[in-house]
Amino acid sequence: MVQEFKDFIAKGNVMDMAVGIIIGAAFTAIVSSLVGDLINPIIGLFTGGIDFTNKYAVLSGEVPAGASLEAAREAGASVFAYGSFIMAVINFLIIAWVVFMLVKMVNRAKAIAEKPDDVAPEVDTGPSELDILIEIRDSLKKSA
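The following paragraphs examine the structure supplied in this document. Going along each chain's sequence as written, the residues are numbered from 1 onward. With pLDDT at 70 or above as the cut-off, local features in this predicted model cover only qualifying residues; side-chain atom pairs require 80 or more to be listed or tallied, and sums for whole chains, interfaces and linings still use all residues. Each side-chain value is derived from all of the structure's non-hydrogen atoms; neither hydrogens nor water enter the calculation.

This next bit is on the overall build of the protein chain. Counting from the N terminus, the helices are the DSSP runs of H or I reaching at least four residues and the strands are the DSSP runs of E reaching at least two. Regarding its fold elements, the protein chain presents 5 helices and 2 strands. Across the protein chain, helices and strands are ordered from the amino to the carboxyl terminus as α-α-β-α-β-α-α. Taken over C-alpha atoms, the radius of gyration is set against a globule rule of 2.2 Å times the number of residues to the power 0.38. Over its C-alpha trace the protein chain gives a radius of gyration of 32 Å, far above what one expects of a compact globule, namely 15 Å for 144 residues. Once the C-alpha set of the protein chain is aligned to its principal axes, its extents read approximately 110 × 55 × 30 Å. In the protein chain, buried positions account for 11% of the 144 residues. Only heavy atoms matter for contacts: two residues are in contact if any of them lie within 4.5 Å across the pair. For the protein chain, the proportion of contacts with a sequence separation of at least 24, taken over those separated by at least 6, is 49%. Per element, the accessible surface of the protein chain, about 11900 Å² overall, is 66% carbon and sulfur. Only four residue types enter the charge count: Lys and Arg as positive, Asp and Glu as negative, with His and the chain ends excluded. To locate a charge, the coordinates of NZ of Lys, CZ of Arg, CG of Asp or CD of Glu are taken. The positive charge centre, built from 11 side chains, and the negative charge centre, built from 17, are 5 Å apart in the protein chain. Exposure is judged per residue with a 1.4 Å probe applied to protein chains only, and the accessible area is read against the type maximum: over 50% gives exposed, under 20% gives buried, and values in between give partly exposed. To be clear on the numbers: accessible area is Shrake-Rupley with a 1.4 Å probe, and residue cover counts the displayed protein chains and nothing else.

Here you go:
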């Protein structure tokens, strides 16, 4: 079992996956900062500064009027935090768009890198061996 594990770890795919996970975690931090620190404030400007995060409905329990979502949860109330869900959906859509644009740019760069600079013109190599054999056969049929 130990040898199988060593073989599994030594495969290139596992190392590629590990690197991808590490880079993905770092990329998540960058994208989260982009969304939270740059894009959400701009969205806040267009929506009049509305922050959906503290929008909730109290299902049961006592919560003082105007209390934040965190305060409502600390008070032990059962809350329906629809604002947090709305913000999570908005963040997901923004992150999905950023990742889509990143993948699109990477694919475009790959296509440019893989495109050969000079395509050699096709050279007519003449008849193939099969073509010559067919010609000989047809000639023999005519002369017979």
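Further notes follow.
Residues enter a patch when their relative accessible area is above 30% and they make no salt bridge; the linking distance is 9 Å between like charges and 5 Å between nonpolar side chains (Val, Leu, Ile, Met, Phe, Trp, Tyr). Salt bridge criterion: a side-chain nitrogen from Lys or Arg within 4 Å of a carboxyl oxygen from Asp or Glu. A cluster of nonpolar residues, Leu59, Phe80, Tyr82, Phe85, Ile86, Val89, Phe92 and Leu93, forms a patch on the protein surface that exposes about 830 Å² of accessible area. Sort the elements by how many residues they give to the nonpolar patch and helix 4 (residues 82-114) lands first, with 6 residues. Tracing the sequence through the fold places leucine 59 in strand 1 (residues 57-60).

Moving on, we come to the packing of aromatic side chains. In summary, the pairing rule links any two rings of Phe, Tyr or Trp, Trp by its six-membered ring, whose centres are within 6.5 Å, and it sorts them by plane angle into stacked for under 30 degrees, edge-to-face for over 60 and tilted for everything else. By the definition in use, this model includes 2 aromatic pairs. On the basis of an interplanar angle of 35° and a centroid distance of 6.5 Å, the ring pair of phenylalanine 80 and tyrosine 82 is categorised as tilted. Ring centres 5.6 Å apart and planes at 40° place the aromatic pair tryptophan 97 and phenylalanine 100 in the tilted group. With tryptophan 97 and phenylalanine 100 both in helix 4 and 3 residues apart, this pair spans about one turn of that helix.

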